[in-house]
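# Descriptive analysis of the structure
Here is how the chains run, residue by residue.
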Amino acid sequence: MANGVKVIECPRDAMQGIKTFIPTARKVQYIQALLRVGYDTIDFGSFVSPKAIPQMVDTAEVLSQLDLSKTTSKLLAIIANTRGAEDASQHEAITYLGYPFSISENFQMRNTHKTIAQSVETLNEILNIADQRQKEVVVYISMGFGNPYGDPWNVDIVADWTERLSKMGVKILSLSDTVGTSNPENIEYLFSNLIPKYPDIEFGAHLHTTPNTWFEKVDAAYHAGCRRFDGAIQGFGGCPMAKDELTGNMPTEKLLSYFTTKKVNQLNALSFESAYNEATKMFGIYH
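So, a few notes on the structure that sits alongside this text. As the structure is a prediction and not an experimental result, all values here were calculated from the model. Here the residue numbers are simple positions, counted from 1 along each chain's written sequence. Reporting in this predicted model follows two pLDDT cut-offs: at least 70 for local features of residues, and 80 or more for side-chain atom pairs to be given and counted; totals over whole chains, interfaces and linings ignore these cut-offs and use all residues. Side-chain calculation: all heavy atoms of the structure are included, whereas hydrogens and water are not.

### As for the overall build of the protein
Note the cut-off: Elements are defined by DSSP. Helices are runs of H or I of four residues or more, strands are runs of E of two residues or more, and each kind is numbered from the N terminus. Atoms counted for the radius of gyration: C-alpha only. Globule rule: 2.2 Å times the number of residues to the power 0.38. Buried residues are those whose accessible area, probed at 1.4 Å on protein chains only, stays under 20% of the maximum for their type, while exposed residues exceed 50% and partly exposed ones sit between those limits. Any two residues having at least one pair of non-hydrogen atoms within 4.5 Å are treated as being in contact. Note on areas: these come from Shrake-Rupley sampling with a 1.4 Å probe, and a residue is covered only by the protein chains present in the view. Just so you know, the count uses Lys and Arg for positive and Asp and Glu for negative, and it drops His and the chain ends. Charge positions are represented by NZ for Lys, CZ for Arg, CG for Asp and CD for Glu.
Secondary structure summary: the protein contains 11 helices and nine strands in total. Its C-alpha atoms give the protein a radius of gyration of 17 Å, near enough to 19 Å, the size a compact globule of 287 residues would have. Seen along its three principal axes, the alpha-carbon backbone of the protein occupies a region of about 45 × 45 × 35 Å. Residues classed as buried in the protein amount to 56% of the 287 residues present. Put simply, of all contacts in the protein between residues at least 6 apart along the chain, 76% involve residues at least 24 apart. Working note: accessible area of the protein is about 12200 Å², and carbon and sulfur atoms make up 49% of it. Mean positive and mean negative side-chain charge positions of the protein (26 and 32 charges, respectively) differ by 3 Å.

### Some thoughts on the nonpolar core
General note: in soluble globular proteins, nonpolar side chains tend to be found buried as a group. Where we set the bar: Put simply, buried Ala, Val, Leu, Ile, Met, Phe, Trp, Tyr and Cys residues joined by side-chain atoms within 4.5 Å make one nonpolar core.
Grouped together as the largest cluster of nonpolar side chains are 83 residues, with contacts concentrated most on Tyr39, Phe191, Phe229, Phe259 and Phe283. Here this core takes seven residues from helix α6 (residues 116-132), the largest share from any one element. Residues in contact with phenylalanine 259, not counting those within four places in the same chain, are Val5, Val7, Tyr222, Phe229, Val264 and Asn265. Grouped together as the second largest cluster of nonpolar side chains are six residues, Leu76, Ile78, Tyr140 and Ile172 included.

### Comments concerning unusual backbone geometry
Glycine aside, negative phi is the norm for most residues, and most peptide bonds take the trans geometry. Positive phi, close to 60°, is recorded for glutamine 134, a residue that is not glycine. Note that glutamine 134 resides in the loop between α6 and β5 (136-142). You will see that lysine 263, though not glycine, has its phi angle at about 60°, which is positive. On the secondary structure map, lysine 263 appears in the loop between α10 (252-261) and α11 (269-286). Lysine 263 sits in the exposed class, given a relative accessible area of 70%.

### A few points about the pattern of salt bridges
Between side chains of opposite charge, a pair can form when the charged atoms approach closely. For the record, the criterion: When a carboxyl oxygen of Asp or Glu lies within 4 Å of a side-chain nitrogen of Lys or Arg, that pair is called a salt bridge.
This model, assessed by the stated rule, comprises 10 salt bridges. A salt bridge links aspartate 87 to arginine 83, with the nearest nitrogen and oxygen atoms 4.0 Å apart. Highlighted residues: aspartate 87 and arginine 83, both in helix α4 (residues 82-89), separated by four residues, approximately one helical turn. Taking the shortest distance from any N to any O, the salt bridge between glutamate 278 and lysine 281 comes out at 3.5 Å. Here the residue glutamate 278 and the residue lysine 281 both occupy positions in helix α11, the gap between them amounting to three residues, near one helical turn. With a relative accessible area of 47%, lysine 281 lands in the partly exposed category. Within this structure, Lys6, Glu202 and Arg228 form a network of salt bridges that share partners.

### A word on the environment of methionine 109
Among the secondary structure elements, methionine 109 is positioned in helix α5 (residues 105-112). On a C-alpha basis, the gap between methionine 109 and serine 119 in space is 9.6 Å, while along the polypeptide they are 10 residues apart. Dropping the residues within four chain positions of it, methionine 109 is found in contact with Lys114 and Thr115.

### Quick notes on the packing of aromatic side chains
Rule in force here: Aromatic contacts are taken between Phe, Tyr and Trp rings whose centres are within 6.5 Å, Trp giving its six-membered ring; a plane angle under 30 degrees counts as stacked, one over 60 as edge-to-face, and the others as tilted. Distance and angle both matter: a charge sits over a ring if NZ of Lys or CZ of Arg is within 6 Å of the ring centre and within 35 degrees of the ring normal.
Inspection of every chain in the model, using the stated rule, returns 11 aromatic pairs. Consider the rings of phenylalanine 272 and tyrosine 276, whose centres lie 6.2 Å apart with planes at 50°: the pair is tilted. Taken together, the positions of phenylalanine 272 and tyrosine 276, both in helix α11 and four residues apart, correspond to about one turn of that helix. Members of the aromatic cluster, joined through ring pairs, are Trp214, Phe215, Tyr222, Phe229, Tyr258 and Phe259. Residue placement shows arginine 227 over the ring face of tyrosine 222; its charged tip is 3.7 Å from the ring centre.

Printed below as a string of structure tokens:
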């Protein structure tokens, strides 16, 4: 954690939509490079149906080959149901279970084949599993800043869901701009209102962006008090369950340049450059 700013690198998000299978050894090599940078957390894999996300079928194997002896970074795995939570919880090295929870009925069905009501039940079960296994749950409110599917969306709906999730015991809540629809006004309004109201919740921003709109999104979230940011080197990837014209992930290098101006970037610059070069090589082949 750099002066209160947590940077979460998301190679899982960068890789999961790539059709060509990336060999396990290449994934290990890339994630190992990321582990040297000093990120707070690496979103490294997922325990979901291989039919849904074939690229992540080797997550347990990747984990078994990582050398975690010299890193301070924690590991996060995405799950979509209780079976995934049970599978991920078998691994002592995993700290966080990440659960995508959409306030869009359409997207929740596309992403997890569940209604919102069913997802609430699933999340309760996941929170219980995590409590028993000493894991922490990160809930992502996908479509947190807008909805392209025509479902109702406004800041009050997001606030209402935050209240419900808080009462369920959620401690880490990442608002997710799943298809790049957010605008700085919504970002600033939500964080500036929610962060003071729920001091027991750590709020994060999982932003997708076009190359020209990254700054105002990060700036709005930071000024509104958000100190947890997800990124992916060079903006690779995105959610394969979202619209085809999906914009990219928030480029980590853009986040770091912003945090450098705020004097809160304490990641290892040489290790980041090395990981950046690894990303260029790997995604150049497999993207």
